[in-house]
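What follows is each chain in one-letter form.
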Amino acid sequence: MAPINFGIIGTSWITDSFIECAQATSKWNLAAVYSRTEESAKKFAAKYDGQKVELYTDLDKLVNDSNLSAIYIASPNILHYEQAKLALNAGKNVILEKPSCSTVTELDDLFKIAREKDVFLIEAFRHIQEANFKTLKKSIKNLGPISGASITFAQYSSRYEKVLAGETPNIFNLEMGGGALVDLGVYCVSAAIDLFGAPKDAKYWPNIIATGADGGGRLILDYGNFVVHLCHSKTYNSDAPSEVYGEKGTLIVPTITDIETVTLWDPRTKKREQLAGPETRVKLNLQEEAEEFARVINNRDREAERHYETLSRDILGVLEKVRKDNGLLYPGEK
């Protein structure tokens, strides 16, 4: 099967990473680059010298390029909805970086258009496609009744230095759909929901920084019989592992993304068993999601589509609720 020709919106490091990983699968081919200026489009496309890449500074022309089957969107969060809507209405499959949209209403509108146009909309949560994450997920059934879990993702952001200097970078700007919850916290929320399903309730205690956005915080997801504690931050680092607790043991991973090992601790034998290790990790950390997205689109796997749609809606439902509960409002919500 011929590679899927795709165009990109957004020229940050994550776009470079997706292109490298997608093309490494031999199932994707970068065919178009959009940027607001011709100079930046040329600069970005120059990295892929040797392959034919069309350059666009007009979004309408990009999404109506008949050579493209899909659009990958990694622009500032606040632009995701309108840009994805434009691409879907043009009959293009869309790979949409997290967070998908600002609200569930927006996301539902996008899925409605995707169905009407008979194309696919998939949110890019790379970590839940990792082989070692899947080992973690399938091993939960061996723990017996679940008592709880803790998931941590805290990395100091270089852009926080700009905040300390009095600036407001996009990722810490509510006007641009920013904040640590939707940038790093979303990894914790999506991991929890993929592992345990949608919670009955969710509460968030954010750390508000000078821009008015959240620089990090803690969430509790209530599942009735147990709770999941989530901790994320862009204003400090943490080496704390993530764990799932059950009557028959504890599953331990050093990080919730790019998982090196999955370990089971048995409370009866007091021994640790390594269930997965570095040998099962793929070197390019977006390659597994690129493989899966190509499979879904090429095979027209509607069952997988429904699964990912439900997952995206449940994740965004939590993000939107706890964000609004804490007055972290985006344009048009005040």
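Residues numbered from 1 in each chain as written. Predicted model: local features only at pLDDT ≥ 70, side-chain atom pairs only at ≥ 80, totals over all residues. Heavy atoms only, no water.

(A) Region of the structure containing the overall build of the chain. For the chain, the count of helices and strands is 10 helices and 14 strands. Computed over its C-alpha atoms, the radius of gyration of the chain comes to 20 Å, within 12% of the 20 Å expected for a compact globule of 334 residues. Principal-axis analysis of the C-alpha atoms places the extent of the chain at approximately 60 × 50 × 35 Å. Taken across its 334 residues, the chain has 55% of its residues classed as buried. Here the analysis covers contacts within the chain between residues at least 6 apart in sequence; of these, 66% occur between residues at least 24 apart. Put simply, the chain shows about 14900 Å² of open surface, and 47% of that area lies on carbon and sulfur atoms. Computing the positive centroid from 40 side-chain charges and the negative centroid from 46, the chain places the two 3 Å apart. (Helix = DSSP H or I, 4+ residues; strand = E, 2+ residues; numbered from the N terminus. Rg over C-alpha atoms; globule rule 2.2 N^0.38 Å. Buried < 20%, exposed > 50% of the residue type's maximum accessible area, 1.4 Å probe, protein only. Contact = heavy atoms within 4.5 Å. Areas by Shrake-Rupley, 256 points an atom, 1.4 Å probe, with all protein chains shown as cover. Lys, Arg positive; Asp, Glu negative; His and termini not counted. Charge placed at Lys NZ, Arg CZ, Asp CG, Glu CD.)

(B) Region of interest: helix 6 (residues 131-139). Restricting attention to buried positions, one finds in helix 6 the residues Asn-132, Phe-133, Thr-135, Leu-136 and Ser-139. The buried residues of helix 6 all sit within an arc of 155° when viewed along its axis, so they share a single face. Tucked into the core, helix 6 has its buried residues touching helix 8 (180-196), strand 11 (242-246), strand 12 (249-253), strand 13 (262-266) and strand 14 (271-276). (Arc of directions from axis to C-beta.)

(C) Highlighting the nonpolar core. Ranked by size, the top nonpolar core spans 73 residues in total, and within it Leu-62, Leu-121, Leu-136, Phe-196, Val-228, Leu-230 and Val-244 carry the most contacts. With 12 residues, helix 8 is the single largest residue contributor to this core. Look past the residues within four positions of Val-228 in its chain and what remains in contact with it is Ala-149, Ile-151, Ala-192, Phe-196, Leu-219, Ile-220, Leu-221 and Tyr-223. Trp-28, Ile-122, Ala-124 and Ile-297 belong to the second-largest nonpolar core, a separate cluster that totals 31 residues. (Core = buried A, V, L, I, M, F, W, Y, C linked by side-chain atoms within 4.5 Å.)

(D) Molecular detail of the packing of helix 6 against helix 8. For the pair helix 6 and helix 8, the least separation of the axes is 9 Å and the interaxial angle reads 45°. In terms of axis orientation, helix 6 runs oblique to helix 8. The crossing of helix 6 and helix 8 is right-handed. Residues Phe-133, Leu-136 and Lys-137 of helix 6 lie in contact with helix 8, whose contacting residues are Ala-191, Asp-194 and Leu-195. Looking at the contact of helix 6 with helix 8, its residues break down into four nonpolar, no polar and two charged. (Axes fitted to C-alpha atoms, helices over the stretch in contact; angles between N-to-C directions. Parallel < 35°, antiparallel > 145°, perpendicular 65-115°, else oblique. Left-handed = near helix turned anticlockwise from the far one by under 90°. Nonpolar A, V, L, I, M, F, W, Y, C, P; charged D, E, K, R; others polar.)

(E) Representation of the environment of Gly-332 in the model. Turning to its location among the elements, Gly-332 is positioned in the segment after helix 10 (302-325). Expressed as a C-alpha distance, the spacing of Gly-332 and Glu-175, which sit 157 residues apart in the sequence, is 9.5 Å.

(F) Representation of the side chain of Gln-287 within the structure. In this fold, Gln-287 is placed in helix 9 (residues 287-299). If near-sequence neighbours (up to four positions away) are discounted, Gln-287 is found in contact with Cys-21, Ala-24, Thr-25 and Val-282.

(G) Geometry of helix 2 (residues 38-45). For helix 2, the complete set of buried residues consists of Ala-41, Phe-44 and Ala-45. Taken end-on, helix 2 shows its buried residues confined to a sector of 95°, consistent with a single buried face. In helix 2, the exposed residues that point more than 90 degrees away from the buried face are Glu-39 and Lys-43.

(H) Main features of the side chain of Asp-258. Mapped onto the elements of the fold, Asp-258 is located in the loop between strand 12 and strand 13. Reaching out from Asp-258, the side chain makes a polar contact with the side chain of Asn-285 at a distance of 3.0 Å. Setting aside chain neighbours within four positions, we find Asp-258 in contact with Arg-126, Glu-130, Arg-281 and Asn-285. (Polar contact = N/O pair within 3.5 Å; in protein donor to acceptor, adjacent residues only side chain to side chain.)

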